[in-house]
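# Structural features, examined
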Amino acid sequence: MATFQLSRFSSFRALSHRDFAYLWAGMLVSNIGTWMESVALGVYVTQVTGKAAWTGGVAALTHLPSLVLAPLGGALADRFDRRSFMAVCICVQALLAAMLTVLAATGNLTVPWVAGISLLNGAFSTLAIPCATALTVAVVPQEDLHNALSLDSAQFNLGRIIGPVLAALVLTKLGIAGALFINTLSFLAVLLALARMHGAVRTTPPKVEALWAGIVRGVKLAWTDPGIALALGTVGFVGLLISPFVGLIPVFALKVLGGDATTTSLLLTAQGSGAVLAAFGTGAIVTRVGRRALLEVSVMLVGLCSAIFWLSPTLPVAMVALFVLGAVYLVVFTGLKTVCQARTPPELQARVSSLFLLLVNVGYMLGVWGQGMLSDRLGVRPITVGAALLFFGIVAVTRALGPRGLTTLGDVKPG
């Protein structure tokens with residue numbers, strides 16, 4: 001595996017591994033394009049329907065397929081050559097983006113078309129994500145795995161910051177078709193990265209299993225391994241009780257702070273900036289204090305940070321609180337994903353990654369819907385602060401259990 005020389009304390013050291021650097025750069029370009037498409041379609045649906053429910057409903061369609069396809073995607077990625085499998089998924093997503101571009105350019109784009117293509121795009125994205133994680137694990141040595149997954153989170157949040165800014169510029173100059181066309185081209189960056197990767201990323205099991213048996217084997221490992229089980233259980237509770245802040249930021253901005261779209265934008269930028277800073281900075285911290293120590297502290301803090309954000313009395317205070325929450329939240333997710341991947345045999349890594357994705361999405365969908373519905377009846381702050389403190393209480397009780405508490409987080413099975 002070709003590498004460049006970077007200090008072992010560098011927050012960018014995983015990029016010294018050439019194959020990971022190619023994959024990271026390609027995914028960043030594609031992620032920027034995806035956020036451009038998301039903004040463009042959101043603006044289009046809002047303008048056409050005039051209803052926020054339609055905008056939110058169409059956006060939710062991209063997450064819906066994960067409830068069914070996440071375990072299947074993991075099993076397929078472990079069954080075939082991962083570069084080839086991911087390339088097929090990316091080609092289909094590029095084709096769907098091209099269809100949207102043509103429909104917009106010819107004046108034939110409609111909300112049903114947007115909804116249908118968003119659903120299909122979500123399906124193939126669900127299939128590709130576990131494969132991308134498994135590829136990262138395959139081309140990065142274990143000592144740099146946490147740093148690599150942190151940088152993955154950084155590129156996602158960079159795309160989340162850069163994409164909407166570019167979308168606003170492109171929509172003004174070229175319209176929705178221009179933004180959609182740029183997203184179509186962005187998929188080429190991933191295909192080019194996959195073509196240039198030369199690491200040993202083929203992990204086809206020596207014995208080909210039936211698809212269902214392969215899924216069951218991944219679930220069995222997750223259930224019986226104490227570290228993976230604890231990490232997956234934790235991420236499920238994070239998704240249910242903490243993650244809804246991502247979707248409820250507009251509600252807090254408008255209903256609690258009495259702001260507007262600019263207020264929402266400022267809060268989203270604060271959260272994304274905190275996440276990017278944490279992603280680039282945690283590598284060196286992990287090297288010095290250890291992965292488990294950092295993860296345990298972050299899991300304890302994330303509930304308190306969430307409660308402080310929801311209790312913020314003013315916009316400046318809320319931005320600072322959300323900046324910190326965004327950083328801690330990213331450290332928690334990256335750390336939990338690292339535990340799962342580090343403890344998993346190579347032939348099962350995509351399957352365990354798919355279970356991680358499934359629990360994140362299920363927890364988030366139930367949490368954001370439930371907290372949103374209860375907030376309409378009982379108030380935003382009582383529900384969201386209550387959920388955050390409930391998570392803190394669960395973590396505190398779990399930690400108090402001693403040897404059966406959080407001690408398995410960060411332990412790695414010998415390969």
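For the structure, see preceding data.
What counts and what doesn't
Residues numbered from 1 in each chain as written. Predicted model: local features only at pLDDT ≥ 70, side-chain atom pairs only at ≥ 80, totals over all residues. Heavy atoms only, no water. Helix = DSSP H or I, 4+ residues; strand = E, 2+ residues; numbered from the N terminus. Areas by Shrake-Rupley, 256 points an atom, 1.4 Å probe, with all protein chains shown as cover. Patch = residues over 30% accessible without salt bridge, like charges linked within 9 Å, V, L, I, M, F, W, Y side chains within 5 Å. Salt bridge = Lys/Arg side-chain N within 4 Å of Asp/Glu carboxyl O. Buried < 20%, exposed > 50% of the residue type's maximum accessible area, 1.4 Å probe, protein only. Core = buried A, V, L, I, M, F, W, Y, C linked by side-chain atoms within 4.5 Å. Contact = heavy atoms within 4.5 Å. Axes fitted to C-alpha atoms, helices over the stretch in contact; angles between N-to-C directions. Parallel < 35°, antiparallel > 145°, perpendicular 65-115°, else oblique. Left-handed = near helix turned anticlockwise from the far one by under 90°. Nonpolar A, V, L, I, M, F, W, Y, C, P; charged D, E, K, R; others polar. Polar contact = N/O pair within 3.5 Å; in protein donor to acceptor, adjacent residues only side chain to side chain. Phe/Tyr/Trp six-rings, centres within 6.5 Å; stacked < 30°, edge-to-face > 60°.

Secondary structure summary: the protein chain contains 14 helices and zero strands in total. Accessible surface, the protein chain as shown: approximately 17800 Å² in total, 72% of it carbon and sulfur.

Together, Leu64, Leu67, Val68 and Leu119 make up an exposed nonpolar region whose accessible area comes to about 330 Å². Relative to the helices and strands, valine 68 resides in helix 3 (residues 66–79).

This part takes up the pattern of salt bridges. Enumeration according to the criterion identifies three salt bridges in this entry. Across the pair arginine 292 and glutamate 296 runs a salt bridge, and its minimum N-O distance is 3.6 Å. Taken together, the residues arginine 292 and glutamate 296, both in helix 11 (residues 291–310) and four residues apart, mark about one turn of the helix. With relative accessibility at 13%, the residue glutamate 296 sits in the buried group. Here the residues in one salt-bridge network are Arg292, Glu296 and Arg399, joined through shared partners.

Of all hydrophobic cores here, the largest spans 53 residues; its most connected members are Phe20, Met86, Leu109 and Ile176. Every element with two or more residues in this core is listed here: helix 1 (18–49), helix 3, helix 4 (82–105), helix 5 (111–139) and helix 6 (145–196). Ranked by residue count, the leading element in this core is helix 6, at 12 residues. For methionine 86, the residues in contact, after removing those within four places along its chain, are Leu23, Met27, Cys131, Ala132, Leu135, Val190 and Leu194. Core analysis: the next-biggest nonpolar cluster, separate from the first, contains 45 residues, Val235, Leu248, Leu355 and Ala387 among them.

Its place among the elements puts glycine 335 in helix 12 (residues 315–342). Take glycine 335: its relative accessible area is 1%, and that puts it in the buried class. It is 8.8 Å that separates the C-alpha atoms of glycine 335 and alanine 231, two residues lying 104 residues apart in sequence. Setting aside residues up to four positions removed in sequence, glycine 335 forms contacts with His146 and Leu295.

What follows deals with the packing of helix 8 (residues 226–241) against helix 12. Here helix 8 crosses helix 12 at 150°, and the two axes come no closer than 8 Å. Classified by the interaxial angle, the pair formed by helix 8 and helix 12 is roughly antiparallel. Considering how the two elements wind past one another, helix 8 and helix 12 form a crossing that is left-handed. Of the residues in helix 12, those in contact with Gly227, Ile228, Ala231, Leu232, Thr234, Val235 and Val238 of helix 8 are Tyr329, Val332, Phe333, Leu336, Val339 and Cys340. Residues of the contact of helix 8 with helix 12, tallied by class, amount to 11 nonpolar, two polar and no charged.

Here the focus is the packing of helix 9 (residues 245–256) against helix 14 (residues 380–400). At a closest axis distance of 11 Å, the pairing of helix 9 and helix 14 adopts a crossing angle of 140°. Here helix 9 is positioned oblique relative to helix 14, judged by the angle of their axes. For the element pair helix 9 and helix 14, the recorded crossing hand is left-handed. Of helix 14, the residues touching helix 9 (which contributes Leu248, Val251, Phe252 and Val256) are Val380, Arg381 and Thr384. Of the residues assigned to the contact of helix 9 with helix 14, the class counts are five nonpolar, one polar and one charged.

Right, let's talk about the environment of arginine 13 for a bit. The topology assignment puts arginine 13 in the segment before helix 1. On a C-alpha basis, the gap between arginine 13 and aspartate 144 in space is 7.4 Å, while along the polypeptide they are 131 residues apart.

Turning our eyes to something else, we now look at the side chain of glutamine 371. Locating glutamine 371 in the fold gives a position in helix 13 (residues 349–378). The buried category is assigned to glutamine 371, whose relative accessible area is 8%. A distance of 3.2 Å separates a polar side-chain atom of glutamine 371 from the backbone oxygen of leucine 240. Residue contacts for glutamine 371: discarding those within four places in its chain leaves Leu240, Leu241, Pro244, Leu248, Ile383, Thr384 and Ala387.

For the coordinates displayed, the defined rule picks out seven aromatic pairs. The interplanar angle of 85° and the centroid separation of 5.1 Å between the aromatic rings of phenylalanine 245 and tyrosine 329 together place this pair among those described as edge-to-face. Here tyrosine 329 lies in helix 12 and phenylalanine 245 lies in helix 9, a separation of 84 residues in the sequence. This pair shows no difference in class: phenylalanine 245 is buried, exactly as tyrosine 329 is.

It is worth spelling out the environment of serine 153 at this point. Considering the arrangement of structural elements, one finds serine 153 in helix 6. In the structure, serine 153 is positioned 180 residues away from phenylalanine 333 in sequence and 8.9 Å away in space, judged by C-alpha atoms. Contact partners of serine 153, with chain neighbours within four places excluded, come to Ala279, Leu330 and Thr334.

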